[in-house]
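# Examining the three-dimensional arrangement
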Amino acid sequence: MTPLFTHPYVAALLSLGLPREDYAIAGSGPLFARGWISDPGDIDVVARGRAWALACRHGEPSPAPYSSVHRLQLFDGRVEILDGWFPEFWSTDRLIDEADVIDGVRFVQLSVVAATKRMLQRPRDVEHLTIMAAHGCHL
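Structural notes, computed from the coordinates. (Residues numbered from 1 in each chain as written. Predicted model: local features only at pLDDT ≥ 70, side-chain atom pairs only at ≥ 80, totals over all residues. Heavy atoms only, no water.)

### Some thoughts on the packing of aromatic side chains
Just so we agree on the cut-off: Centre distance within 6.5 Å is the pairing criterion for rings of Phe, Tyr and Trp, where only the six-membered ring of Trp is used; planes under 30 degrees apart are then read as stacked, over 60 as edge-to-face, and the remainder as tilted. Remark: a charge is flagged as sitting over a ring if the NZ atom of Lys or the CZ atom of Arg is within 6 Å of the ring centre and within 35 degrees of the ring normal.
Here the structure, examined in full by the defined rule, presents two aromatic pairs. Ring centres 5.6 Å apart and planes at 85° place the aromatic pair W85 and F86 in the edge-to-face group. Seen from their ring centres, F89 and W90 are 5.7 Å apart, and the 55° between their planes marks the pair as tilted. Residue placement shows R34 over the ring face of W36; its charged tip is 6.0 Å from the ring centre.

In structure tokens, the structure reads:
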């Protein structure tokens, strides 16, 4: 088993049994999957179709803080499943269909991660942009 699957938040997400073709991990998850950070803090997941419907069986969606999408906060908020990711910039289908696949799990492309972190500019986002640049990602 890869280290990705042993992280408790990733393991929690995978325990839901969501169809992998219908979601992609966003936020800091793509950096964690590449081994660039040691802890993602939480797992943000963009879901559609069956994955979103199955996730909704575990809780009640509420408005997400940064956009017009809905989210489910599961596992004490450590796994957040959203029905979109800044839809004014990216369609959910595009994010998932064009995602990078690492160890069989979809992760949104680094260009999306960088753009999101540049928009939000939280201290952690600035730190992550520096880490991405150090790994040759000048997006």
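### Some details on the nonpolar core
Inclusion rule: Put simply, buried Ala, Val, Leu, Ile, Met, Phe, Trp, Tyr and Cys residues joined by side-chain atoms within 4.5 Å make one nonpolar core. Only protein chains enter the accessibility calculation, which uses a 1.4 Å probe. A residue is then buried if its area is under 20% of the maximum for its type, exposed if over 50%, and partly exposed in between. Helix and strand assignments follow DSSP, with helices taken as H or I runs no shorter than four residues and strands as E runs no shorter than two, numbered in order from the N terminus.
Ranked by size, the top nonpolar core spans 50 residues in total, and within it L13, L18, I43, I81, W85 and M132 carry the most contacts. With five residues, the single largest contributor to this core is helix α6 (residues 110-120).

### Examining the pairing of strand β1 (residues 23-26)
Put simply, the rule is: The criterion for strand pairing is that DSSP finds at least two bridges linking the strands in question.
Of the two faces of β1, the one holding Y23 and I25 and the one holding A24 and A26 are both buried throughout. When β1 meets strand β2 (residues 43-47), the two strands line up antiparallel, connected through four bridges. When the bridges of β2 are listed, Y23 appears paired with A47.

### A few points about the pattern of salt bridges
Our working definition: The term salt bridge refers to a pairing of a side-chain nitrogen on Lys or Arg with a carboxyl oxygen on Asp or Glu at a separation within 4 Å.
What the rule picks out here adds up to nine salt bridges. Residues D100 and R34 are paired through a salt bridge, measuring 2.8 Å at the closest nitrogen-oxygen approach. Placement of the pair is D100 in strand β6 (residues 100-102) and R34 in the loop between α3 (29-33) and β2, with a sequence separation of 66 residues. For D100, a relative accessible area of 26% translates into the label partly exposed. Of the residues examined, R34 reaches a relative accessible area of 27% and is grouped as partly exposed. Salt bridges here are not isolated pairs; linked through shared partners, they connect D22, R48, D93 and D97.

### Section: the environment of R20
Formally: Contacts were defined at the residue level, with two residues in contact if any of their heavy atoms lie within 4.5 Å. Any pair of nitrogen or oxygen atoms within 3.5 Å is treated as a polar contact; in protein, a donor-acceptor pairing is required on top of that, and neighbouring residues in sequence qualify only through side-chain atoms on both sides.
Locating R20 in the fold gives a position in the loop between α2 (8-15) and β1. Judged by its relative accessible area of 34%, R20 falls in the partly exposed class. Sequence separation between R20 and W85 is 65 residues; the distance between their C-alpha atoms is 17 Å. Every residue in contact with R20, bar those within four places of it in the chain, is listed here: F5, L14, D103, G104, V105 and R106. At 3.3 Å, the side chain of R20 and the backbone oxygen of G104 are in polar contact.

### Comments concerning α6
Buried residues of α6: L110, V112, V113, A114, A115, T116 and K117, and no others. Contacts from the buried residues of α6 go to α3, α5 (92-97), β6 and α7 (123-134). Trailing α6 by a residue or two, Q121 shows a phi angle of about 55°, which is positive.

### Brief notes about the packing of α6 against α7
Rules: Note on geometry: axes are C-alpha line fits, over the in-contact stretch for helices, and angles between N-to-C directions span 0 to 180 degrees. Take the far helix as the reference: if the near one is turned anticlockwise from it by less than a right angle, the crossing is left-handed, and if turned clockwise, right-handed. Three classes are used, and their members are as follows: Ala, Val, Leu, Ile, Met, Phe, Trp, Tyr, Cys and Pro are nonpolar, Asp, Glu, Lys and Arg are charged, and the others, Gly among them, are polar.
In the contact formed by α6 and α7, the axes pass within 9 Å of each other and the chain directions differ by 145°. As for the relative orientation of α6 and α7, their crossing is left-handed in sense. Here L110, V113, A114, K117, R118 and L120 of α6 come into contact with α7, specifically with D125, H128, L129 and M132. Across the contact of α6 with α7, the residue classes break down as six nonpolar, one polar and three charged.

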